[in-house]
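Listed below are the residues making up each chain.
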Amino acid sequence: MSTIIAKGINKKYKDTNALKDVDLTVESGKIYGMIGRNGAGKTTLLSILSAQNPATSGLVTIDGEKVWENQKAIDRICFSREIATTTPFGPNTYKIKDYLKAAEIFYPNWDKEYAKNLVETFKLNPRKKVSKLSKGMLSMVTIIIALASRAEFTFLDEPVAGLDIVARDQFYKLLLKDYEETHRTFIISTHIIEEAANLFEDTIIVKNGEIYTNENTQQLLARVQMVSGSAEEVDALIAGRDYHRVEQLGNTKRATIVMRPGEELKVPETVTVTPLSLQEIFLAVCGEEVEQ
Amino acid sequence: MQENLNESKSIYLQIGEMIENEILRDILKEEERVPSTNEFAQFYRINPATAGKGINLLVDEGILYKQRGIGMFVSKGAKEMIRNKRKETFVDQYVKTMLEEAKRLNISKEELIAMISNTEEDK
């Protein structure tokens, strides 16, 4: 089994610390979801894991070998991100087919036939210039490159951001089909958490340049719950715990409690415990800085 | 498998319950093959590991059995097993909640029994 391990990763841009001492282990054969607010450090982290961007300090290894400037390691990873429609010299006049051609050279496991089929599935015209592509078409190209790369570790940065619901559903289906056949590793960052939550075996939450959690999605869902009841009861329950999002309506109070894995919550009969969706969990743990 | 998944409980528990419902309704018969983990995954757009967890719960309970290289099948007596299991949770899940609400509404035991038999007749 292959593993990518990031240890003590820091990334500084001028006066901001985009990543702070990040440790992350990515195991092969899993679909990971990566969620975090804008600017949390998701894209930076993915670009460092795939050696497209150097870390200020820290080390990324794949099966013990360092990834940076190591072609053998880089060949096993694909990080597909949206192509820019403009370049420093003006509009990007390359065509879709030029990018596919470049990808063929860049990714040793490139599946030309698969790429061709995907272009047809998404009804793209390969002769179209990148500068003329809509937001949705740009997302489709990102997806085609990721899937057809057949790379052992494939990272997609917000692949569905520009897609309508029909195309998003199509992508989820294509992803699962590919995963069934190849069982390779995917990391998918997304803001459309509600739709994709069930696709993720594990979920990585990036918060303020740090990893809040990287764990089995079902386990995470089981250990974060909302309690509601009288203010006194809820206050007593959350005391000394990891709690978030406390809100009060009249004398009724509710709060989100994060338990340790395997821990069970014992509550009085008058307190209601409600399971939360991944999106609600995200809102509870990452939404606090905007409150008040 | 026409039902949709919701967020009220774990997806793998819902997958397990859905298979059980199909067995209770005779849509899935004893000794018949159950769709594979990957078929479930693609149908519901969920991770195969999650679908597999739901199926394995039923294997552990003896409701389904694994045949190496072929797939999952419904065990003999599966329907009876599911019925017995669900009867055990029936009191907690339905009867207790009903009694609590009846208490809040001041419905007497006699009224409640009358309601149940009347509803039964209407059907």
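Remember, predicted model here, so these are calculated numbers, not experimental data.

*Asks:* Where do I start with the nonpolar core in this structure?
*Replies:* The tendency in soluble globular proteins is for nonpolar side chains to be buried side by side. Residues and elements named next belong to chain A. Of all hydrophobic cores here, the largest spans 90 residues; its most connected members are Tyr-32, Leu-49, Ile-144, Phe-155, Phe-186 and Ile-187. Tallying contributions element by element places helix H5 (residues 135–149) first for this core, with 9 residues. Ignoring sequence-local partners within four residues, the contact set of Phe-155 consists of Leu-46, Leu-49, Ser-50, Cys-78, Phe-79, Ser-80 and Ile-187. Residues Val-227, Val-234, Leu-237 and Ala-255 belong to the second largest nonpolar core, which totals 5 residues.

*Asks:* Honestly, the packing of helix H1 (residues 11–24) of chain B against helix H3 (residues 48–60) of chain B in this entry has me stumped. Any pointers?
*Replies:* Residue and element names in this part refer to chain B. The contact between H1 and H3 brings their axes to 8 Å, and the two run at 50 degrees. The pairing of H1 with H3 is recorded here as oblique in orientation. Here H1 runs over H3; the crossing is right-handed. Facing Ile-11, Tyr-12, Leu-13, Ile-15, Gly-16 and Ile-19 of H1, the residues of H3 in contact are Thr-50, Ala-51, Lys-53, Gly-54, Ile-55, Leu-57 and Leu-58.

*Asks:* Mind showing me how you'd approach the interface of chain A and chain B here?
*Replies:* Contact residues are listed per partner, giving 14 residues for chain A and 15 residues for chain B. Looking at the side of chain A that touches chain B, the elements with two or more residues in it are helix H6 (165–182) and helix H8 (217–223) of chain A. In terms of residue count, H6(A) provides more of the side of chain A that touches chain B than any other element does, 5 residues in total. Here the residues of the side of chain A that touches chain B are counted per class, giving 7 nonpolar, 3 polar and 4 charged.

*Asks:* Mind showing me how you'd approach the domain arrangement of chain B here?
*Replies:* All names here are of chain B. Domain assignment breaks chain B into domain 1 (11–77) and domain 2 (79–122). Measuring from the centre of the C-alpha atoms in domain 1 to the corresponding centre in domain 2 gives 29 Å. The partner domain 2 presents 4 residues to the 7 residues of domain 1 that form the contact. When its residues are assigned to classes, the side of domain 1 that touches domain 2 shows 3 nonpolar, 2 polar and 2 charged.

*Asks:* How do you make sense of H3(B) when you look at a structure like this?
*Replies:* The α-helix winds at 3.6 residues per turn, so residues separated by three or four positions along the chain end up facing the same way. Taking 1.5 Å of rise per residue, 13 residues should cover 18 Å, and H3(B) covers 18 Å from first to last C-alpha, within 8% of that figure. Restricting attention to buried positions, one finds in H3(B) the residues Pro48(B), Thr50(B), Ala51(B), Gly54(B), Ile55(B) and Leu58(B). Contact partners of the buried residues in H3(B): H6 and H8 of chain A together with H1, helix H2 (37–44), strand E2 (64–67) and strand E3 (71–74) of chain B.

*Asks:* Just checking my understanding: could you explain the sheet that holds strand E11 (residues 202–207) of chain A for this structure?
*Replies:* The strands making up a sheet associate through hydrogen bonds between their backbones, and the pairing can be parallel or antiparallel. All names here are of chain A. The 6 strands are arranged E6-E9-E10-E3-E11-E12 in an open sheet whose pairing can be described as mixed. For this open sheet the edge positions go to strand E6 (77–80) and strand E12 (210–216), each flanked by a neighbour on one side alone. Taking the axes of each pair of neighbouring strands and ignoring which way they run, one obtains an average angle of 15 degrees across the sheet. Relative to E12, E11 runs antiparallel, the two being bridged by 6 bridges. Paired with Thr-203 across the two strands is Glu-215, which belongs to E12. Here helix H1 (residues 42–49) sits on the sheet in contact with strand E3 (31–36), E6, strand E9 (153–157), strand E10 (185–189) and E11, set at roughly 155 degrees to E9. Against the sheet, H5 contacts E6 and E9, and its axis sits at roughly 170 degrees relative to E6.

*Asks:* Can you walk me through the packing of helix H4 (residues 112–121) of chain A against H5(A) in this structure?
*Replies:* The angle between the axes and the distance between the axes are what describe a pair of packed helices. Residue and element names in this part refer to chain A. The geometry of H4 relative to H5 is characterised by a closest axis approach of 9 Å and an angle of 155 degrees between their N-to-C directions. Here H5 runs roughly antiparallel to H4, going by the angle between their axes. Considering only the axes of H4 and H5, their crossing is right-handed. Residues Tyr-114, Ala-115, Leu-118 and Val-119 of H4 pack against Ile-144, Leu-147 and Ala-148 of H5.

*Asks:* I'm lost on unusual backbone geometry in this one. Help?
*Replies:* Working note: non-glycine residues mostly have negative phi, and peptide bonds are mostly trans. All names here are of chain A. One non-glycine residue, Glu-69, adopts positive backbone phi at about 55 degrees. With respect to the element layout, Glu-69 can be found in the loop between strand E5 (65–66) and helix H2 (71–74). Unusually for a residue other than glycine, Arg-150 sits at a positive phi of about 50 degrees. Inspection of the secondary structure assignment puts Arg-150 in the loop between H5 and E9. Among the residues examined, Arg-150 registers 19 C-beta atoms within 10 Å and is labelled partly exposed.

Cut-offs applied
Residues numbered from 1 in each chain as written. Chains lettered and ligands numbered in written order. Predicted model: local features only at pLDDT ≥ 70, side-chain atom pairs only at ≥ 80, totals over all residues. Core = buried A, V, L, I, M, F, W, Y, C linked by C-beta atoms within 7 Å. Buried ≥ 20, exposed ≤ 12 C-beta atoms within 10 Å, placed from the backbone. Helix = DSSP H or I, 4+ residues; strand = E, 2+ residues; numbered from the N terminus. Contact = placed C-beta atoms within 7 Å. Axes fitted to C-alpha atoms, helices over the stretch in contact; angles between N-to-C directions. Parallel < 35°, antiparallel > 145°, perpendicular 65-115°, else oblique. Left-handed = near helix turned anticlockwise from the far one by under 90°. Nonpolar A, V, L, I, M, F, W, Y, C, P; charged D, E, K, R; others polar. Domains from an automatic or database assignment. Expected span 1.5 Å × (residues − 1). Pairing = 2+ DSSP bridges.

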